[in-house]
Amino acid sequence: MADTNDIVLGFWDGHDSGAALLVDGRLVCAINEERLTRRKLEVCFPRQAIRACLQEGGLRGEQVVQVAGCTADWAKTISRLWPESKERYYRLRRRLAWPGLLDPATRLAKYHLTEWPGNRLTRWLSEQALGRELAALGLGEARLTLMDHHLCHAAAAAWTSGLDDTLVITLDGVGDGRSGSLHWFQGGKLRPLASVAARDSVGIFFEQVTTLMHLRELEDEGKVMALADYAPPPDPASNPLLELIEVRELGFHARLHASGLARHLKRLYWSQPQERFAALAQQALETWVVQLVRQALAHTGGHRLALAGGVFANVRLNQRIRTLPEVEHCSIFPHMGDGGLALGAACLAGAPRTPMLSDLYLGPALAAESIAEVVRASGLPHRYLGDPVPEAARLLTAGRIIGWVQGRMEYGPRALGARSVLARPDLPGVRDQLNIRLKKRSWYQPFCPTLLDSEAQRLLSDHHGPPDRWMTSLYHVREPFRVPLAGVTGRDGSCRPQMVADDDPGRLARLLTALRQTTGFGVVLNTSFNPHGAPLVHTPREAIDAFVSMGLDHLILGDWILDRP
Ligand SMILES: [Fe+2]
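Given the structure is predicted, the values throughout are model-derived calculations rather than measurements.

Q: Is there a simple way to think about the sheet that holds strand β8 (residues 189-197) in this case?
A: What links the strands of a sheet is backbone hydrogen bonding, and the strands pair in either a parallel or an antiparallel sense. Strand order across the open sheet formed by five strands is β8-β7-β6-β11-β12, with mixed pairing between neighbours. Each edge of the open sheet is held by one strand with a lone partner, namely β8 and β12 (329-332). Looking at each pair of strands side by side, their axes are set apart by 20° on average, direction ignored. Of the pairings in the sheet, the one linking strand β11 (residues 304-308) to β12 comprises four bridges and is parallel in character. Its bridge partner lying in β12, A306 is registered against S331. Where helix α11 (residues 274-300) meets the sheet, its contacts fall on β6 (166-175), β7 (178-186), β8 and β11, and the angle it forms with β6 comes to roughly 145°.

Q: Would you take a moment to explain the sheet that holds strand β16 (residues 448-452) for this structure?
A: If you walk across this open sheet you meet the eight strands as β13-β22-β21-β14-β15-β20-β16-β19, and the pairing is mixed. In the strand order of this sheet, the two ends are held by β13 (382-384) and β19 (498-500), each with one partner. The sheet shows a mean angle of 25° between the axes of neighbouring strands, taken without regard to direction. Sheet topology note: the strand β14 (residues 402-405)/strand β15 (residues 419-423) ladder contains four bridges and is antiparallel. Counted as the bridge partner of W404 is S420 from β15. Against the sheet, helix α18 (residues 507-519) touches β14, β15, β16, β19 and β20 (523-528), its axis set at about 85° to β16.

Q: Is there a simple way to explain the coordination of the iron ion in this structure?
A: Octahedral metal centres with six donors ideally show angles of 90 or 180 degrees, and tetrahedral centres with four donors ideally show 109.5 degrees. Protein ligation of the iron ion involves H149 (NE2), H153 (NE2), D172 (OD) and D338 (OD), the donor distances falling in the range 2.1 to 2.3 Å. Here the iron ion is ringed by four donor atoms whose angles at the metal span 90 to 161°, and the overall shape comes out irregular. Along the chain, the residues that donate to the iron ion are spaced as H-x3-H-x18-D-x165-D. Of the two residues, H149 is situated in helix α7 (residues 149-161) and D172 in strand β6; the sequence distance between them amounts to 23 residues. Exposure remark for H149: the relative accessible area of 1% places this residue in the buried category. The buried category is assigned to D172, whose relative accessible area is 4%.

Thresholds applied
Residues numbered from 1 in each chain as written. Predicted model: local features only at pLDDT ≥ 70, side-chain atom pairs only at ≥ 80, totals over all residues. Heavy atoms only, no water. Pairing = 2+ DSSP bridges. Helix = DSSP H or I, 4+ residues; strand = E, 2+ residues; numbered from the N terminus. Axes fitted to C-alpha atoms, helices over the stretch in contact; angles between N-to-C directions. Contact = heavy atoms within 4.5 Å. Donors = N, O, S within 2.8 Å, 3.2 Å for Na, K, Ca; no water. Tetrahedral: all angles 85-135°; square planar, octahedral: opposite > 155°, others 65-115°. Buried < 20%, exposed > 50% of the residue type's maximum accessible area, 1.4 Å probe, protein only.

These figures capture arrangement, not role.
What follows is the structure, given as C-alpha cells:
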C-alpha cells in the first residue's frame, strides 16, 4: 500500500465534471461524472466519479490526504454557492429548458461575469462549499488545494506528453480570468511565459459561432468544423471574421468584447449560407492559432509542443499545427476540454511519473460475473465465445455493424475500442446508415477509423511522427485508398484515426490484424457506443439497452455475443 502522502485525488466540478486518482505517481483511475449519472457533459459535483476512483484504488475516503480542485473565479464560485444556477445553464445549453425572455440579458451577464478572475474571498467561499461536498464523501480531513484553471490544462498537457523542453499552450473559452496560457515545461516544472486575457478568447469566438448556428455551445463546436468541409475554401482576403482578433507576439487582442462580438457575428451571419459561415469561422480560428503557435515557437526556439484546452478539440486546427515545418513533435492531451481538468489538478498536487499515459482505459472494468448474469437475464439470443476476435472479424467482414464492449472504459471524449460501435469502412452507405438510422446524428458528421500502425504508414500521406493513439488530429488519406475507406474519410480526403500498435496483445489489435487478412485493410470504422444524446455506455446493462434501442446487428460484450432478436 502506498504511503498516504502519495495518494492524490484531483477533481473538477464544472462542465464535464470528473475525478482522477494518482497513487504513488501512477494514474490509477480517471472518469467523468457523465458516465455514471448518465447525463452527457454532467456539471454537478463529481460524487460518483470520486467514489469510482476510490473503489478502483481500493481506498477509503479517510486515506486520501491530498485533494486538488480547480478554478476559484467569480462565476465558478457563484455556481458552487448556488448549484441551481449551474443546473439552469446546463438545461438551457442542452435545450432541455426554454430560454425565456431574459435570455439576452442572462447571456450578457454571463459574458461579463465569467471574465472576472477570483480573489481571496472567492477562493475562501469556494473552499467552504467544496469542503462540505468532500466531507460528505469521507474526505473532510483531506488537504484541499484549488489550482488555477489554465495551469491545470497546462499540467495535463505537459505531464501526459512524455516530452521535455517543450512549449505548452492552452486555449479555451475562459477560466480564472484567462482564455489561454503559454508555459515552458522542463525537468517536471512549468515556467509561465504569457497569458491570454479572458476578453481575447478565441474559444468564446468559436462558441458564439456555434450558438449562432443553432447548435449547442461547449458541445457542438465539432459540428461547425464538420460543416465547414461542405463549403469551398474561403478566400482569406474576403473573410470578414479574420479582422476580429489580432495576433500579438504571445497572445491575442480581440477588437470587440464578447457581448459586442455576439451582435457583430449575428449581422455577418444572416447573409451567409450556414456551411460558408462555418468555413469562415474555421479559417479564422486556424489562422489566429497557427500564427500564435509559430510566433511562440520562434520566440522560445522550441520545436516540441504540448497542447490542451477546449480549442484543441478542433482536429482540423491540430492537423495544421502538427504539420508545420518547425514542429518536430506535437502532443495533444486527449481529454483537452474541461473534462480533463481533474487529471491536471492531480498532476499539479502530486508527483506524477512520466510518461504518464500508456493507454486511456482508465475507467472502471467490467466484472466477468456481472456480464454473464446480465447476458443470461437479457432474454436475447446469446452465445459464449471465450475469445470473441474470430467471430467479430467474421461478422464485420460480412458487413454487420456490431457493438464492442471490452475491459476498462475509455477516458475522454473518444471511443477507443472499449465502448465502440464497429463496422467495415467500405460498407456501402455506412455513413448515412450509422448517422441517420442508428445514432440519429447530423448527416454531415464524419466517422473515424481505428487502424494498425503499419496501415497508418501505408494509407495516410501526412503521418510522419509518432503514432496518434487517441484521435487528436486529422490526417490525409492517400488518394487510392479513399474509396475503400469511404466510410471514414471526409469530403476533403481526411480522417481522424486511432492508431494501434501491430504487436499490441489486446483484442482490438488482433481484430484489426484479422480484418487485414479478410478485407485487405487493418482498419475498422469506430464510433462511440451510446444512444443519441447519451454518454458512452458504462455497464453491461446499459450496453444491452443501447444495443437494442440502436438496432445494431450484434453486441460483443466481453466474451459473449448477443444477436438482434
Ligand atoms: Fe478550460
